[in-house]
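# Chains, contacts and geometry: an overview
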Amino acid sequence: METKIGEEVKKNLGEGQDEQPIQIILPAKGKLISEFASEVANIMKEKRKLFYRINTRDIVEIGMIKLQKDGSEMYYGFRIVTPPRFITVCEQFFEPVTQKIDFGSNIFLLKKSMGSELANILLASEKLQHSLPQVIRIFTVPLPILYNNELTFPKKGYDARFSSWCPHDSPEINNEKMTLEEAKEIIEKIFKGFCFKTNEDKDMAIAALLTPFLRGLYPSFSTRTPVFFYEANRERAGKDYCAGIVGILYENYAIQDPPISTSENAKTNNTDELRKRILAALISGRKRIHFSNNKGFINNAVFEAVTTAETYSDRILGKSETITFDNELDFSLSGNTGVGYTADFANRCRFIKLFLDIEDANSRIFEISDLHKWVKEHRSDILSALWTLIRNWFEKGKVPGKVPFTSFPEWASICGGIMESAGYTNPCTADLDVSLIGGDNESSDMKALFALCYLKHP
């Protein structure tokens, strides 16, 4: 369809408006591609649809899919914008046109989509890249952040302060004045039905639920936190179901990744495969990885390194390019008693032990029959409860946790302090029987040998 040149085109007010979209003439004789790139950049920089991701040096958008059951939308991470996708996104906000001259020397504008080659050139254009909002991280829920010595929350959508994106439909803190007693009642309701071995194990599960919510309180978003290991004495005890609560609260679904251990007999694990999975998670913008149902022996140098490293670098598969990310991942695992692991691994973990002492695991009756569904429906209430724990700690003077944890000192100070202020067990308290339950067999065997030696030669 041809349209004759009219007056100066009005400013585009955004997708879905009745006003005529702005028109931009495509590059041709007398117009450079760089001029076209500048015009596109001036329009797209305010739309908050495309972003420039510094880590990967790509133009990206926030991926979104519709869930099949209820039709709701879910944000699942960064998606690199391809040339075909770039063409369709641009056409939501402006019309690319070409100039045509008829036999009467009248100039007309003819709508025409930009080609894939031109789109590819624009995606590599520094003018476009530097004009777009720079985004580093996705917040799946509004985390409390200590910014300029004050507690704040990221804005929904794009927030330039933190180079972040928070979905517009993410749950909110719906009760900022909740009492500590009300908060602890909600948390107790979540974990009441699980067969924790001790009360300390239940408190450790609470610490695991709280830990991802604290990332904005650390000196940096990449401050490292321990690995939470959900360990049960047998199958069907609910270890992955318990870990899934954390995933539902922060990501709206309980995702499980394959185990780290690759064989029940192997003493070392596949580090290359784990490197690929971690890099893929960081590229997509994930915040949490849960390795479920580990068996055999866990001995993975890559995993032990990434749990304490604040940055992670690796080469992109199929490219001679190395990229570096701030490591903002939270890790957890699960396994039954008998799974083995190295002493280094044990020192990076906090263990949550479940003990089921009935024959038929399926005969148990829970107060909340579908806990995962309940958590999903009450995400705002649970976040409000966790916020209340933090607020309680602040009001009491932010007293640091009393128990040190050398591998994760910032987490020990903040999470330990919050838990103690609320009357829970400090999660840094040493778990003296971890090596007796299983796991670090080398250390437990050496302890047994020293004990026997002492009996013979005290």
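Residues numbered from 1 in each chain as written. Predicted model: local features only at pLDDT ≥ 70, side-chain atom pairs only at ≥ 80, totals over all residues. Heavy atoms only, no water.

Take the packing of helix α5 (residues 180-191) against helix α6 (residues 199-210) next. Running from N to C, α5 and α6 cross one another at 110°; their axes reach a closest spacing of 11 Å. If you check the angle between α5 and α6, you find them roughly perpendicular. Only Lys202, Ala205, Ile206 and Leu209 of α6 make contact with α5, whose side of the interface consists of Ile187, Glu188, Ile190 and Phe191. Per-class residue counts for the contact of α5 with α6 are six nonpolar, no polar and two charged. (Axes fitted to C-alpha atoms, helices over the stretch in contact; angles between N-to-C directions. Helix = DSSP H or I, 4+ residues; strand = E, 2+ residues; numbered from the N terminus. Parallel < 35°, antiparallel > 145°, perpendicular 65-115°, else oblique. Contact = heavy atoms within 4.5 Å. Nonpolar A, V, L, I, M, F, W, Y, C, P; charged D, E, K, R; others polar.)

Attention shifts here to the sheet that holds strand β9 (residues 137-138). As summarised here, the arrangement of the three strands in space is β9-β13-β12, forming an open sheet in which the pairing is mixed. Edge positions in the sheet fall to β9 and β12 (157-159), since each has one partner strand and no second. Sheet analysis places β9 next to strand β13 (residues 164-166), joined by two bridges and oriented parallel. Counterpart to Arg137 in the pairing with β13 is Ser164. (Pairing = 2+ DSSP bridges.)

Each pair of packed helices gets described by two things: the angle between the helix axes and the distance between those axes. The interhelical angle for the contact between α5 and helix α12 (residues 379-395), taken along N-to-C directions, is 130°, at an axis separation of 9 Å. Taken together, α5 and α12 sit at an angle that is classed as oblique. In the crossing of α5 with α12, the sense of the turn from one axis to the other is left-handed. Contacts between α5 and α12 involve Leu180, Ala183, Ile186, Ile187 and Ile190 from the first element and Asp381, Ile382, Ala385, Leu386, Thr388, Leu389 and Asn392 from the second. Residues that form the contact of α5 with α12 fall into these classes: nine nonpolar, two polar and one charged. (Left-handed = near helix turned anticlockwise from the far one by under 90°.)

Taken in spatial order, the four strands make up an open sheet running β15-β19-β14-β21, and their pairing is parallel. The strands lining the two open edges of the sheet, one partner per strand, are β15 (288-294) and β21 (349-354). Looking at each pair of strands side by side, their axes are set apart by 15° on average, direction ignored. Relative to β21, strand β14 (residues 227-232) runs parallel, the two being bridged by six bridges. By the bridge assignment, Tyr230 is partnered in β21 with Ile352. Sheet strands touched by α6: β14 and β21. Its angle to β21, the strand with the most contacts, is close to 130°.

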